[in-house]
Amino acid sequence: MTWDITGMAAVANVGATPGEIFAALCAGRESRRPLMAFDADKYRAAYAYEIDDRPEDGGDLPRRATRWLTTVVRQAAADAGLGKDLAQVPVLVGTTMREQRSLELWWRDGADVALADLHFGTALKAAFGACTTYTFANACSASLYALGMATDMIESGLADTVVVAGTDATTESGFGTLDRVQNDLPDALRPFDATHKGMLMGEGAAAVVVQRAGPGSGPVHARVRGVSMNCDAHHATAPDPDGITRAVLDAHSRAGVRASDIDLVMLHGSGTPRNDTTEASVLRQVFQGPGAGPRMTAIKATTGHTLGGSGLLSLVMAVLAMKNGTVPPVLGLADPIPETAGLRLVQGSPAAGDLAIAQIDAFGFGGINAVAIVEAAR
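Residues numbered from 1 in each chain as written. Predicted model: local features only at pLDDT ≥ 70, side-chain atom pairs only at ≥ 80, totals over all residues. Heavy atoms only, no water.

S.K.: I keep staring at empty space enclosed by the protein and nothing clicks. Help me out?
M.R.: Rolled over the atoms, a probe with the dimensions of a water molecule shows which regions are left empty. Counting across every chain of the model gives 1 cavity of 30 Å³ or more. In this model, the largest cavity occupies a volume close to 40 Å³. What lines the largest cavity is simply Ala 45, Phe 175, Leu 178, Asp 179, Gln 182, Met 199, Leu 200 and Met 201. Looking at side-chain class alone, the lining of the largest cavity contains 6 nonpolar, 1 polar and 1 charged residues. (1 Å grid on protein atoms, 1.4 Å probe; cavity = no way out; pocket = protein on both sides within 12 Å on 5 of 7 lines; lining within 4 Å. Points joined across faces, edges and corners; volume = space filled by probe spheres on them. Nonpolar A, V, L, I, M, F, W, Y, C, P; charged D, E, K, R; others polar.)

S.K.: Explain the environment of Arg 274 to me, please; I cannot follow it from the model alone.
M.R.: Tracing the backbone shows Arg 274 in helix α8 (residues 273-286). Separated by 96 residues in the primary sequence, Arg 274 and Ala 370 place their C-alpha atoms 18 Å from one another. If we skip the residues at most four places from it in the chain, Arg 274 touches Ala 238 and Pro 239. (Helix = DSSP H or I, 4+ residues; strand = E, 2+ residues; numbered from the N terminus. Contact = heavy atoms within 4.5 Å.)

S.K.: What is the right way to look at the environment of Ala 137 in this model?
M.R.: Examined against the element boundaries, Ala 137 turns out to sit in the loop between β5 (133-136) and α5 (142-155). Separated by 41 residues in sequence, Ala 137 and Thr 96 place their C-alpha atoms 5.0 Å apart. In contact with Ala 137, other than residues within four places in its own chain, are Thr 95 and Thr 96.

In C-alpha coordinates form, the structure reads like this:
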(Lines give C-alpha, C1' and ligand atoms only; values in the text may rest on other atoms or scores of the structure.)
Protein backbone atom coordinates (compact mmCIF):
# COMPACT_ATOMS: atom_id res chain seq x y z
CA MET A 1 0.00 0.00 0.00
CA THR A 2 1.20 3.53 -0.76
CA TRP A 3 0.11 6.97 0.38
CA ASP A 4 0.26 10.10 -1.77
CA ILE A 5 2.11 13.24 -0.68
CA THR A 6 0.01 16.00 -2.23
CA GLY A 7 1.27 19.04 -0.32
CA MET A 8 4.63 20.14 1.09
CA ALA A 9 6.07 23.11 2.94
CA ALA A 10 9.17 23.88 4.98
CA VAL A 11 11.01 26.72 6.67
CA ALA A 12 14.57 26.66 7.96
CA ASN A 13 17.47 28.99 8.60
CA VAL A 14 18.39 29.00 4.90
CA GLY A 15 14.98 29.46 3.34
CA ALA A 16 11.26 30.02 3.79
CA THR A 17 10.18 27.47 1.17
CA PRO A 18 11.29 23.94 0.24
CA GLY A 19 12.77 25.27 -3.00
CA GLU A 20 14.87 27.89 -1.21
CA ILE A 21 16.16 25.35 1.28
CA PHE A 22 17.02 22.84 -1.45
CA ALA A 23 18.86 25.51 -3.45
CA ALA A 24 20.92 26.42 -0.38
CA LEU A 25 21.81 22.77 0.15
CA CYS A 26 22.90 22.38 -3.46
CA ALA A 27 24.93 25.59 -3.27
CA GLY A 28 26.73 24.37 -0.15
CA ARG A 29 25.80 27.50 1.73
CA GLU A 30 27.43 27.86 5.15
CA SER A 31 24.71 29.12 7.47
CA ARG A 32 25.92 28.82 11.05
CA ARG A 33 26.15 32.09 12.90
CA PRO A 34 26.87 33.35 16.41
CA LEU A 35 24.17 32.34 18.86
CA MET A 36 21.32 34.88 18.97
CA ALA A 37 18.67 33.39 21.27
CA PHE A 38 20.47 33.92 24.56
CA ASP A 39 23.79 34.88 26.14
CA ALA A 40 26.49 32.76 24.53
CA ASP A 41 29.02 33.76 27.19
CA LYS A 42 27.49 31.19 29.53
CA TYR A 43 28.27 28.29 27.19
CA ARG A 44 31.23 26.70 25.48
CA ALA A 45 29.55 26.52 22.07
CA ALA A 46 29.03 29.90 20.44
CA TYR A 47 27.19 28.95 17.24
CA ALA A 48 23.77 27.70 16.15
CA TYR A 49 21.65 27.45 13.00
CA GLU A 50 18.83 29.81 13.94
CA ILE A 51 16.08 31.44 11.92
CA ASP A 52 16.65 35.18 11.83
CA ASP A 53 13.15 36.42 12.72
CA ARG A 54 13.74 38.14 16.04
CA PRO A 55 13.41 41.89 16.72
CA GLU A 56 16.26 44.04 15.47
CA ASP A 57 16.87 45.37 18.98
CA GLY A 58 17.64 41.85 20.21
CA GLY A 59 15.84 39.61 22.63
CA ASP A 60 13.72 36.57 21.93
CA LEU A 61 10.07 36.02 21.18
CA PRO A 62 7.67 33.37 22.49
CA ARG A 63 5.64 31.00 20.32
CA ARG A 64 8.13 30.91 17.45
CA ALA A 65 7.77 27.13 17.02
CA THR A 66 4.01 27.55 16.87
CA ARG A 67 4.28 30.37 14.34
CA TRP A 68 6.42 28.26 12.01
CA LEU A 69 4.05 25.33 12.52
CA THR A 70 0.97 27.26 11.44
CA THR A 71 2.90 28.70 8.49
CA VAL A 72 3.96 25.34 7.07
CA VAL A 73 0.58 23.72 7.73
CA ARG A 74 -1.14 26.56 5.88
CA GLN A 75 1.27 26.35 2.95
CA ALA A 76 1.16 22.55 2.70
CA ALA A 77 -2.65 22.54 2.86
CA ALA A 78 -2.82 25.18 0.13
CA ASP A 79 -0.33 23.21 -1.97
CA ALA A 80 -2.62 20.17 -1.67
CA GLY A 81 -5.72 22.20 -2.52
CA LEU A 82 -7.31 21.64 0.89
CA GLY A 83 -8.14 25.26 1.63
CA LYS A 84 -8.09 26.84 5.08
CA ASP A 85 -10.64 24.62 6.83
CA LEU A 86 -9.04 21.55 8.41
CA ALA A 87 -11.93 20.73 10.74
CA GLN A 88 -12.24 17.26 9.21
CA VAL A 89 -8.51 16.66 8.68
CA PRO A 90 -6.30 15.26 11.48
CA VAL A 91 -3.08 17.19 12.09
CA LEU A 92 -0.18 15.25 13.60
CA VAL A 93 2.82 17.20 14.91
CA GLY A 94 6.24 15.83 15.77
CA THR A 95 8.51 17.82 18.09
CA THR A 96 11.24 17.50 20.67
CA MET A 97 10.80 20.63 22.77
CA ARG A 98 7.21 21.72 21.93
CA GLU A 99 6.94 25.34 23.20
CA GLN A 100 9.55 24.96 25.92
CA ARG A 101 11.30 28.14 24.79
CA SER A 102 8.12 30.12 25.48
CA LEU A 103 8.02 28.65 28.98
CA GLU A 104 11.64 29.70 29.52
CA LEU A 105 10.83 33.26 28.44
CA TRP A 106 7.79 33.35 30.73
CA TRP A 107 9.86 32.14 33.68
CA ARG A 108 12.89 34.33 33.05
CA ASP A 109 11.47 37.50 31.50
CA GLY A 110 7.77 37.41 32.34
CA ALA A 111 6.77 36.98 28.69
CA ASP A 112 3.04 36.97 28.00
CA VAL A 113 2.46 33.23 27.62
CA ALA A 114 -0.76 31.49 28.61
CA LEU A 115 -0.92 27.82 29.49
CA ALA A 116 -2.96 27.14 26.35
CA ASP A 117 -0.14 28.64 24.24
CA LEU A 118 2.08 25.71 25.16
CA HIS A 119 -0.15 23.32 23.20
CA PHE A 120 0.09 23.34 19.41
CA GLY A 121 -3.53 22.26 19.16
CA THR A 122 -4.65 25.66 20.45
CA ALA A 123 -3.11 27.51 17.49
CA LEU A 124 -4.12 24.84 14.97
CA LYS A 125 -7.74 25.09 16.05
CA ALA A 126 -7.70 28.89 15.95
CA ALA A 127 -6.02 29.06 12.53
CA PHE A 128 -7.68 26.15 10.73
CA GLY A 129 -10.55 24.94 12.88
CA ALA A 130 -8.59 21.72 13.38
CA CYS A 131 -10.52 19.52 15.78
CA THR A 132 -8.26 16.44 15.76
CA THR A 133 -4.66 17.23 16.62
CA TYR A 134 -1.96 15.10 18.20
CA THR A 135 1.56 16.01 19.29
CA PHE A 136 4.32 13.40 19.38
CA ALA A 137 7.39 14.32 21.44
CA ASN A 138 9.53 11.45 20.18
CA ALA A 139 12.92 13.17 20.22
CA CYS A 140 14.63 13.52 16.83
CA SER A 141 12.39 10.88 15.21
CA ALA A 142 9.15 12.64 16.12
CA SER A 143 7.98 13.87 12.72
CA LEU A 144 8.65 10.52 11.02
CA TYR A 145 6.77 8.84 13.86
CA ALA A 146 3.91 11.21 13.07
CA LEU A 147 4.16 10.22 9.41
CA GLY A 148 3.94 6.56 10.34
CA MET A 149 0.89 7.23 12.48
CA ALA A 150 -0.70 9.13 9.59
CA THR A 151 -0.30 6.17 7.23
CA ASP A 152 -1.79 3.89 9.90
CA MET A 153 -4.79 6.21 10.27
CA ILE A 154 -5.43 6.16 6.53
CA GLU A 155 -4.91 2.42 6.19
CA SER A 156 -7.28 1.71 9.09
CA GLY A 157 -10.00 3.95 7.63
CA LEU A 158 -9.85 6.65 10.29
CA ALA A 159 -9.06 9.33 7.70
CA ASP A 160 -8.49 9.80 3.99
CA THR A 161 -6.26 12.84 4.42
CA VAL A 162 -3.81 13.71 7.22
CA VAL A 163 -1.52 16.70 7.67
CA VAL A 164 1.85 15.75 9.19
CA ALA A 165 4.19 18.41 10.55
CA GLY A 166 7.26 18.92 12.69
CA THR A 167 8.58 22.02 14.44
CA ASP A 168 11.18 23.07 17.02
CA ALA A 169 12.82 26.26 18.24
CA THR A 170 16.14 26.47 20.05
CA THR A 171 15.71 26.26 23.82
CA GLU A 172 18.24 27.39 26.38
CA SER A 173 17.73 24.29 28.50
CA GLY A 174 18.35 22.02 25.51
CA PHE A 175 21.31 24.01 24.25
CA GLY A 176 22.81 24.13 27.72
CA THR A 177 22.40 20.40 28.27
CA LEU A 178 24.13 19.56 25.01
CA ASP A 179 26.85 22.07 25.77
CA ARG A 180 27.64 20.29 29.00
CA VAL A 181 27.38 16.64 27.93
CA GLN A 182 29.25 16.75 24.62
CA ASN A 183 32.89 15.88 25.14
CA ASP A 184 34.25 18.22 22.47
CA LEU A 185 33.35 21.76 21.50
CA PRO A 186 31.72 21.90 18.05
CA ASP A 187 31.92 25.19 16.17
CA ALA A 188 30.06 23.68 13.21
CA LEU A 189 27.99 20.57 12.57
CA ARG A 190 30.09 18.35 10.30
CA PRO A 191 28.48 14.91 9.87
CA PHE A 192 30.71 12.00 8.86
CA ASP A 193 33.83 14.16 8.63
CA ALA A 194 36.90 13.36 10.71
CA THR A 195 36.58 16.81 12.28
CA HIS A 196 33.09 16.16 13.67
CA LYS A 197 32.80 17.07 17.34
CA GLY A 198 29.08 17.09 18.04
CA MET A 199 25.74 18.57 17.13
CA LEU A 200 24.52 22.14 17.14
CA MET A 201 20.86 23.11 17.22
CA GLY A 202 18.94 24.34 14.23
CA GLU A 203 15.43 25.73 13.92
CA GLY A 204 12.57 25.18 11.53
CA ALA A 205 9.41 23.37 10.58
CA ALA A 206 8.11 21.15 7.80
CA ALA A 207 4.72 19.78 6.80
CA VAL A 208 3.30 17.35 4.27
CA VAL A 209 -0.24 16.39 3.33
CA VAL A 210 -0.67 12.63 3.05
CA GLN A 211 -3.70 11.18 1.31
CA ARG A 212 -5.07 7.80 0.39
CA ALA A 213 -3.57 6.86 -2.96
CA GLY A 214 -5.97 7.11 -5.86
CA PRO A 215 -7.18 9.24 -8.74
CA GLY A 216 -9.02 11.68 -6.46
CA SER A 217 -5.97 12.87 -4.54
CA GLY A 218 -4.87 15.43 -7.15
CA PRO A 219 -1.26 16.21 -8.17
CA VAL A 220 1.24 14.06 -6.30
CA HIS A 221 4.73 15.11 -5.22
CA ALA A 222 5.79 11.61 -4.17
CA ARG A 223 4.45 8.48 -2.53
CA VAL A 224 5.14 7.05 0.91
CA ARG A 225 5.92 3.35 0.53
CA GLY A 226 6.43 2.52 4.20
CA VAL A 227 7.48 3.86 7.60
CA SER A 228 9.23 1.86 10.30
CA MET A 229 9.26 2.86 13.97
CA ASN A 230 10.86 1.27 17.00
CA CYS A 231 12.28 2.10 20.41
CA ASP A 232 15.19 -0.15 21.35
CA ALA A 233 15.67 1.61 24.73
CA HIS A 234 19.33 0.55 24.61
CA HIS A 235 20.74 3.69 26.22
CA ALA A 236 19.63 7.19 27.12
CA THR A 237 21.84 8.77 24.46
CA ALA A 238 24.04 6.18 22.73
CA PRO A 239 22.60 4.64 19.54
CA ASP A 240 22.21 0.88 19.25
CA PRO A 241 23.37 -0.66 15.94
CA ASP A 242 20.93 -3.54 16.29
CA GLY A 243 17.96 -1.26 16.91
CA ILE A 244 18.83 0.92 13.93
CA THR A 245 19.39 -2.12 11.70
CA ARG A 246 15.97 -3.48 12.65
CA ALA A 247 14.36 -0.13 11.81
CA VAL A 248 16.01 0.04 8.38
CA LEU A 249 15.22 -3.54 7.44
CA ASP A 250 11.64 -3.24 8.68
CA ALA A 251 11.18 -0.10 6.57
CA HIS A 252 12.38 -2.00 3.50
CA SER A 253 9.99 -4.85 4.31
CA ARG A 254 7.01 -2.56 4.80
CA ALA A 255 7.80 -0.75 1.56
CA GLY A 256 8.28 -3.97 -0.38
CA VAL A 257 11.78 -3.00 -1.52
CA ARG A 258 15.26 -4.46 -1.31
CA ALA A 259 18.39 -2.59 -0.33
CA SER A 260 19.43 -2.64 -3.99
CA ASP A 261 16.26 -0.71 -4.91
CA ILE A 262 17.23 2.36 -2.85
CA ASP A 263 18.70 5.19 -4.92
CA LEU A 264 19.09 7.83 -2.21
CA VAL A 265 19.59 7.82 1.56
CA MET A 266 18.96 10.97 3.55
CA LEU A 267 21.20 10.28 6.52
CA HIS A 268 20.37 11.25 10.08
CA GLY A 269 23.90 12.66 10.25
CA SER A 270 23.79 14.41 13.62
CA GLY A 271 27.51 15.18 13.61
CA THR A 272 28.23 13.37 16.89
CA PRO A 273 31.03 10.80 16.60
CA ARG A 274 28.97 7.98 18.12
CA ASN A 275 25.91 8.58 15.94
CA ASP A 276 27.90 9.04 12.74
CA THR A 277 30.01 5.92 13.20
CA THR A 278 26.99 3.82 14.18
CA GLU A 279 24.82 4.96 11.27
CA ALA A 280 27.64 4.51 8.77
CA SER A 281 28.49 1.05 10.06
CA VAL A 282 24.87 -0.08 9.90
CA LEU A 283 24.42 1.19 6.35
CA ARG A 284 27.62 -0.52 5.19
CA GLN A 285 26.12 -3.81 6.33
CA VAL A 286 22.67 -3.10 4.88
CA PHE A 287 23.92 -2.00 1.47
CA GLN A 288 26.83 -4.40 1.05
CA GLY A 289 26.77 -6.47 -2.10
CA PRO A 290 27.05 -5.96 -5.85
CA GLY A 291 26.30 -2.59 -7.35
CA ALA A 292 27.43 0.90 -6.53
CA GLY A 293 24.83 1.45 -3.83
CA PRO A 294 22.68 4.52 -3.20
CA ARG A 295 23.81 8.10 -3.10
CA MET A 296 23.85 9.46 0.44
CA THR A 297 23.69 12.94 1.91
CA ALA A 298 23.04 14.70 5.22
CA ILE A 299 21.43 18.13 5.44
CA LYS A 300 22.18 19.05 9.07
CA ALA A 301 25.55 20.50 8.09
CA THR A 302 23.52 23.32 6.50
CA THR A 303 20.34 23.48 8.60
CA GLY A 304 21.70 22.40 11.97
CA HIS A 305 19.82 19.76 13.91
CA THR A 306 16.17 20.79 13.71
CA LEU A 307 15.27 18.16 16.30
CA GLY A 308 11.73 16.75 16.07
CA GLY A 309 11.11 18.17 12.62
CA SER A 310 14.43 17.02 11.15
CA GLY A 311 13.16 13.74 9.72
CA LEU A 312 10.31 15.38 7.85
CA LEU A 313 12.58 18.18 6.60
CA SER A 314 14.93 15.53 5.20
CA LEU A 315 11.95 13.81 3.59
CA VAL A 316 10.83 17.01 1.83
CA MET A 317 14.40 17.51 0.58
CA ALA A 318 14.44 13.88 -0.64
CA VAL A 319 11.29 14.53 -2.67
CA LEU A 320 12.91 17.56 -4.31
CA ALA A 321 16.10 15.58 -4.95
CA MET A 322 14.08 12.92 -6.79
CA LYS A 323 12.15 15.55 -8.75
CA ASN A 324 15.33 17.33 -9.81
CA GLY A 325 17.54 14.28 -10.22
CA THR A 326 20.05 16.03 -7.99
CA VAL A 327 21.57 15.10 -4.62
CA PRO A 328 22.97 17.99 -2.55
CA PRO A 329 26.45 17.47 -1.08
CA VAL A 330 27.24 17.09 2.61
CA LEU A 331 28.55 20.54 3.50
CA GLY A 332 32.11 20.48 4.84
CA LEU A 333 32.71 16.79 4.16
CA ALA A 334 36.41 16.73 3.24
CA ASP A 335 37.83 13.79 5.21
CA PRO A 336 35.16 11.10 5.69
CA ILE A 337 35.45 8.88 8.74
CA PRO A 338 36.71 5.32 8.04
CA GLU A 339 33.30 3.80 8.75
CA THR A 340 31.93 5.42 5.57
CA ALA A 341 34.30 3.49 3.30
CA GLY A 342 32.27 2.09 0.43
CA LEU A 343 29.32 4.43 1.00
CA ARG A 344 28.54 6.95 -1.75
CA LEU A 345 28.41 10.13 0.30
CA VAL A 346 28.08 13.16 -1.95
CA GLN A 347 30.97 15.58 -1.47
CA GLY A 348 31.90 18.95 -2.86
CA SER A 349 29.17 19.47 -5.45
CA PRO A 350 25.72 18.06 -6.19
CA ALA A 351 25.48 14.65 -7.82
CA ALA A 352 23.12 14.01 -10.72
CA GLY A 353 21.23 10.78 -11.24
CA ASP A 354 17.93 9.03 -11.78
CA LEU A 355 16.39 8.77 -8.33
CA ALA A 356 13.25 6.70 -7.87
CA ILE A 357 13.27 5.52 -4.24
CA ALA A 358 14.64 7.31 -1.18
CA GLN A 359 15.26 6.21 2.39
CA ILE A 360 15.05 8.79 5.17
CA ASP A 361 16.72 8.09 8.54
CA ALA A 362 15.85 9.65 11.90
CA PHE A 363 17.35 8.34 15.14
CA GLY A 364 16.66 9.92 18.52
CA PHE A 365 17.84 9.72 22.10
CA GLY A 366 16.59 6.70 23.96
CA GLY A 367 16.81 4.52 20.87
CA ILE A 368 13.72 6.07 19.26
CA ASN A 369 14.27 5.18 15.61
CA ALA A 370 12.23 5.86 12.48
CA VAL A 371 12.94 5.18 8.82
CA ALA A 372 10.69 6.16 5.90
CA ILE A 373 10.77 4.96 2.30
CA VAL A 374 9.45 7.37 -0.32
CA GLU A 375 8.96 6.80 -4.05
CA ALA A 376 9.09 9.43 -6.78
CA ALA A 377 5.84 10.23 -8.54
CA ARG A 378 6.32 9.39 -12.21
